Amino acid sequence: MRKPSECVVLVTGASSGIGRACAVELSRRGHTVYGTTRRQPLAIQAEVGRDLDPSHRLQFLQVDVTDCHAVQDAVDHVLSETGRIDALINCAGFGSAGAVEDTSDADLRALLDTNLVGTLRCCRAVLPRMRLQHSGTIINISSIAGRMGIPFQGGYSASKYALEGLSEALRMEVHPFGVKVVLIEPGDFRTEFTERRQITSLAKANETYAAQMRKTLSVMEAEELGGATPEPVARLVGRILDTNSPRVRYVVGPFSERIAAGLKRVLPSKWFERILMMYYRIGGNESGRENKT
Ligand SMILES: NC(=O)c1ccc[n+]([C@@H]2O[C@H](COP(=O)([O-])OP(=O)(O)OC[C@H]3O[C@@H](n4cnc5c(N)ncnc54)[C@H](OP(=O)(O)O)[C@@H]3O)[C@@H](O)[C@H]2O)c1
């Protein structure tokens, strides 16, 4: 018989980084976990399985979250094997870099299609069963960039701000059905996110922002590559699944970034902007002067 602590969990984007750490942590906690990847699922399963005992239950399914049929097929597969779905952890996502002016419609659509609409597709696919069960938890991995616009990551920040709004609304809508919705806002962690970050198409051709973008990106990349591995996010996810009444959002990451999230709430916007500009080494007209030389 299923113990109350044993859940059936679907983790999207479980082949690497935060999603992989969640899949491993939740399997170790005794949950039955289905992870998704666009890559070859058996190969990923063999690789991730090295971190687990044979008794742990982790199975990989091939899903691109931009494909609603693939998402529905994965949920149907989970339901056909287990008859229930207790948690959905939406980790699938990617980053992008480029000035807002250098972000094309296609760049932004691609980001939103995965980071926002991909998450929505997964929520839509699990909600009918969760409502029927009158239980379930959806955890959406947002970002600190969903609390503050990060320079040269405007499209990415927009995708995470939108995810925050969507999740807040969904949380209230499904509350009467016993379904919980939670946002996690990670700071910088060392994952494949940095090397897979996509440079916007126009940024490759336009020199206007190139020098400043390199400077700002180098600060971000140093933080990410020098950051911790993502197990703290996975442990937080594990604790949230054990909580009866989880908070709306949780910030997890380095102390300085958790402080920044707090400061954003209390400081006048212009003061906070100055701090961010100093941090990301954006000064006066400096980039304009640099570009002329
Ligand atoms: N690392 C950080 O510092 C950080 C900070 C804040 C927020 N986040 C957020 O955390 C989430 C996970 O990122 P990560 O750091 O773990 O990066 P990662 O190591 O690159 O992992 C991203 C995962 O998303 C999957 N993915 C990407 N596009 C997909 C698509 N269209 N359909 C299905 N799966 C897709 C990838 O799987 P396949 O390529 O195998 O399909 C991979 O498993 C993202 O939403 C990111 O925005 C990360």
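Residues numbered from 1 in each chain as written. Predicted model: local features only at pLDDT ≥ 70, side-chain atom pairs only at ≥ 80, totals over all residues. Heavy atoms only, no water.

A. Examining the sheet that holds strand β6 (residues 136–141) more closely. Pairing is parallel across the open sheet formed by seven strands, whose spatial order is β3-β2-β1-β4-β6-β7-β9. Among the strands making up the open sheet, the edge pair consists of β3 (57–62) and β9 (249–252). Strand after strand, the sheet turns through a mean of 20 degrees between neighbouring axes, direction not considered. Two elements, strand β1 (residues 8–12) and strand β4 (residues 87–90), share four bridges in a ladder whose sense is parallel. For valine 11, the partnering residue across the bridge sits in β4 and is isoleucine 89. Set on the sheet, helix α1 (residues 17–28) makes contact with β1, β2 (32–37), β3, β4, β6 and β7 (179–186); between it and β1 the angle comes to about 165 degrees. (Pairing = 2+ DSSP bridges. Helix = DSSP H or I, 4+ residues; strand = E, 2+ residues; numbered from the N terminus. Axes fitted to C-alpha atoms, helices over the stretch in contact; angles between N-to-C directions. Contact = heavy atoms within 4.5 Å.)

B. The site of the ligand, seen in detail. Around the ligand, 30 residues are found, and the nearest of them are Ser15, Thr37, Tyr156, Thr191 and Arg196. Separating a nitrogen atom of the ligand from a backbone N or O atom of valine 65 is a distance of 2.9 Å. At a separation of 3.4 Å, an oxygen atom of the ligand approaches a polar backbone atom of cysteine 91. Burial of the ligand by the surrounding chains reaches 97%, relative to a free accessible area of 880 Å². When contributions to the shell around the ligand are tallied by element, the ones reaching two or more residues are α1, α6 (154–174) and α7 (193–196). Residues of the shell around the ligand, tallied by class, amount to eleven nonpolar, twelve polar and seven charged. (Near = heavy atom within 4 Å. Polar contact = N/O pair within 3.5 Å; in protein donor to acceptor, adjacent residues only side chain to side chain. Areas by Shrake-Rupley, 256 points an atom, 1.4 Å probe, with all protein chains shown as cover. Nonpolar A, V, L, I, M, F, W, Y, C, P; charged D, E, K, R; others polar.)

C. Geometry of empty space enclosed by the protein. With the rule as written, the count across this model stands at one cavity of 30 Å³ or more. Quantified by volume, the largest cavity comes out at close to 40 Å³. Lining the largest cavity are Leu10, Thr12, Thr36, Val63, Val71, Ala74, Val75 and Cys122. Those elements that place two or more of their residues in the lining of the largest cavity are β1 and α3 (68–82). (1 Å grid on protein atoms, 1.4 Å probe; cavity = no way out; pocket = protein on both sides within 12 Å on 5 of 7 lines; lining within 4 Å. Points joined across faces, edges and corners; volume = space filled by probe spheres on them.)

D. The packing of α3 against helix α5 (residues 117–133), seen in detail. Taken N-terminus to C-terminus, the directions of α3 and α5 make an angle of 30 degrees; their axes are 9 Å apart at the nearest point. For the element pair α3 and α5, the recorded crossing hand is right-handed. Of the residues in α5, those touching α3 at Cys68, Val71, Gln72, Val75 and Leu79 are Arg121, Cys122, Ala125, Val126 and Arg129. Classifying every residue of the contact of α3 with α5 by side-chain character gives seven nonpolar, one polar and two charged. (Left-handed = near helix turned anticlockwise from the far one by under 90°.)

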